[in-house]
Amino acid sequence: MTCATFKSLHQRRQAEHLARHGHALAERTEDSFRLSLYAIENFYAEVWRSAGEEAILFIHVFEQPSGLADYLALVRLPKF
C-alpha cells in the first residue's frame, strides 16, 4: 500500500492496517499525549492518543526521515 492510499483510508481502517502490517518502532510522550511510531511499507505512521487512553485521536503519516528526529534515541531494532 502506498502512503497516499493509506492516507485516503478512514482512520479506523488505517488503525486496522497498522495492527496487521505495521512494525512498532518506538513510543514517546509529548505534553499530555502518547505517541507510537510504526514503520509500514515505505512510510511511517505516528499514532496519537491522550495519555492513559486507548482511543486514537489521529494518525500522522509521513515519508521523510526528518519526521523521525524525535524518535531516533528511542528506536530499538529487533535482534536477528
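Structure's up top.
This section reports on the structure supplied with the text. Counting from 1, residues in each chain are numbered in the order their sequence is written. At least 70 in pLDDT is required for a residue's local features to be given in this predicted model, at least 80 for side-chain atom pairs to be given and counted, and no such filter applies to totals for whole chains, interfaces and linings, which use all residues. In computing side-chain values, all of the structure's heavy atoms are included and hydrogens and water are not.

A word on the nonpolar core
Nonpolar side chains tend toward joint burial in soluble globular proteins. To keep it simple, the criterion reads: Each nonpolar core is a collection of buried residues, namely Ala, Val, Leu, Ile, Met, Phe, Trp, Tyr and Cys, held together in the definition by side-chain atoms within 4.5 Å. For each residue, the accessible area found with a 1.4 Å probe, counting protein chains only, is set against the maximum for its type, and the residue is called buried under 20%, exposed over 50%, and partly exposed in between. Strands here mean DSSP runs of E at least two residues long; helices mean DSSP runs of H or I at least four residues long; both are numbered from the N terminus. Throughout, a contact is declared for two residues whenever any of their heavy atoms are within 4.5 Å.
Within the largest apolar cluster, 10 residues are counted, these being Cys3, Phe6, Leu18, Tyr38, Ile40, Phe43, Ala45, Val47, Ile59 and Val61. Going through the elements one at a time, α1 (3-8), β2 (33-40), β3 (43-50) and β4 (56-62) are the ones with two or more residues in this core. No other element matches β3, which puts 3 residues into this core. Apart from residues lying up to four places away in sequence, Ile59 is in contact with Phe6, Gln11, Gln14, Ala15, Leu18, Ala45, Glu46 and Val47. If you look at the next biggest cluster of nonpolar residues, it comprises 7 residues, including Ala26, Leu37, Trp48 and Phe62.

Examining the packing of aromatic side chains
The geometry of an aromatic ring pair is captured by two quantities: the separation of the ring centres and the angle between the planes. The condition is simple: Each pair of aromatic rings taken from Phe, Tyr and Trp, with Trp reduced to its six-membered ring, is defined by centres within 6.5 Å and is described as stacked if the planes are under 30 degrees apart, edge-to-face if over 60, and tilted in the remaining cases.
Applying the stated criterion across every chain, the model contains 4 aromatic pairs. Between Tyr44 and Phe62, the ring centres sit 5.5 Å apart and the planes meet at 25 degrees, which makes this aromatic pair stacked. On the criterion of sequence distance, the pair formed by Tyr44 in strand β3 and Phe62 in strand β4 is long-range, its members being 18 residues apart. The partly exposed category is assigned to Tyr44, whose relative accessible area is 22%. Grouping aromatic residues by their ring pairs yields a cluster made of Phe33, Trp48 and Phe58.

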